[in-house]
Amino acid sequence: MAEEEEKKDQKKKKSLILPILIIVVVLIVGGALAFFFLKKGSSNSPKNTQTQSSSSESVLSDKNVHIKNIPSMIINLADQSGDRYLKISLALVMNGKEKTKSGESSGDTLEDAAIKNAIITVISTKTSDTLLTLSGKEELKKQLIKAINNALGEDAVKDIYFTDFIIQ
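The structure displayed is predicted, hence computed values, not measured ones.

K.L.:
It is not clear to me how the pattern of salt bridges should be interpreted in this structure. Could you clarify?
P.N.:
When the charged atoms of two side chains lie near each other, side chains of opposite charge can form a pair. Scanning all chains against the criterion turns up 3 salt bridges. Of the charged contacts in the structure, one is a salt bridge between Asp112 and Lys68, with a shortest N-O distance of 2.6 Å. Pair noted here: Asp112 is in helix 3 (residues 110-123) and Lys68 is in strand 1 (residues 65-76), with a separation of 44 residues, a long-range link. With a shortest N-O distance of 3.8 Å, Lys87 and Asp164 are connected by a salt bridge.

K.L.:
Would you mind going over the nonpolar core with me for this structure?
P.N.:
Among the nonpolar cores identified, the biggest contains 25 residues, and Leu90, Leu92, Ile119, Ile123, Leu144, Ile148 and Ile160 are the most heavily contacted of them. Mapped by element, the contributors of at least two residues to this core are strand 1, strand 2 (85-95), helix 3, helix 5 (134-152) and strand 3 (157-167). For this core, the leading source of residues is helix 5, giving 6 residues.

K.L.:
Would you mind showing me how to read the pairing of strand 2 here?
P.N.:
Put simply, side chains in a regular strand alternate between the two faces of the sheet. Counting buried positions over the 11 residues of strand 2 gives 8, a clear majority of the element. Taken together, the 10 bridges between strand 1 and strand 2 define a ladder with antiparallel strand orientation. Across the sheet, residue Ile75 finds its bridge partner in strand 2, namely Leu86. Bridge count for strand 2 against strand 3 is 9 bridges, and the pairing is antiparallel. Bridge pairing in strand 3 places Leu92 opposite Ile160.

Calculation criteria
- Residues numbered from 1 in each chain as written.
- Predicted model: local features only at pLDDT ≥ 70, side-chain atom pairs only at ≥ 80, totals over all residues.
- Heavy atoms only, no water.
- Salt bridge = Lys/Arg side-chain N within 4 Å of Asp/Glu carboxyl O.
- Helix = DSSP H or I, 4+ residues; strand = E, 2+ residues; numbered from the N terminus.
- Core = buried A, V, L, I, M, F, W, Y, C linked by side-chain atoms within 4.5 Å.
- Buried < 20%, exposed > 50% of the residue type's maximum accessible area, 1.4 Å probe, protein only.
- Pairing = 2+ DSSP bridges.

Below you can see the structure in the form of structure tokens.
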């Protein structure tokens with residue numbers, strides 16, 4: 001009788017060991033995968049990341065700027081096939097205080113039209129291959145800032161953030 005109870009206890013211990021072992025293995029594998037993906041994401045050019053974060057901090061601390069959101073636009077790209085499009089939304093960091101819209105019936109102003117025209121003019125000369133790279137996006141930002149500032153006739157735009165960027 002005692003031997004039967006001892007065998008039952010051993011079977012219970014063995015049946016508990018397998019699920020615990022499976023849980024431990026899953027946690028170890030999950031932790032290793034999480035570490036790999038987080039490490040991979042944070043190692044992308046630390047020098048560039050530091051520059052971007054310091055630039056963002058200076059913009060965030062500057063009280064003499066405001067954000068002008070440019071709603072989604074769909075723009076044809078200059079690919080040979082002619083069937084590639086970019087859906088883009090932008091947040092422009094503008095110098096100076098935000099202008100109040102008094103007495104305007106529509107949401108668009110002459111300034112908005114000039115900004116959208118500059119954006120379309122610059123982007124429609126780009127190919128999807130160029131815009132898919134990080135350096136292509138950075139170059140696009142520089143060109144957009146220059147084109148918008150030329151259109152507005154002043155140094156109105158300090159920085160640009162892409163809030164939507166989809167190539168199809």
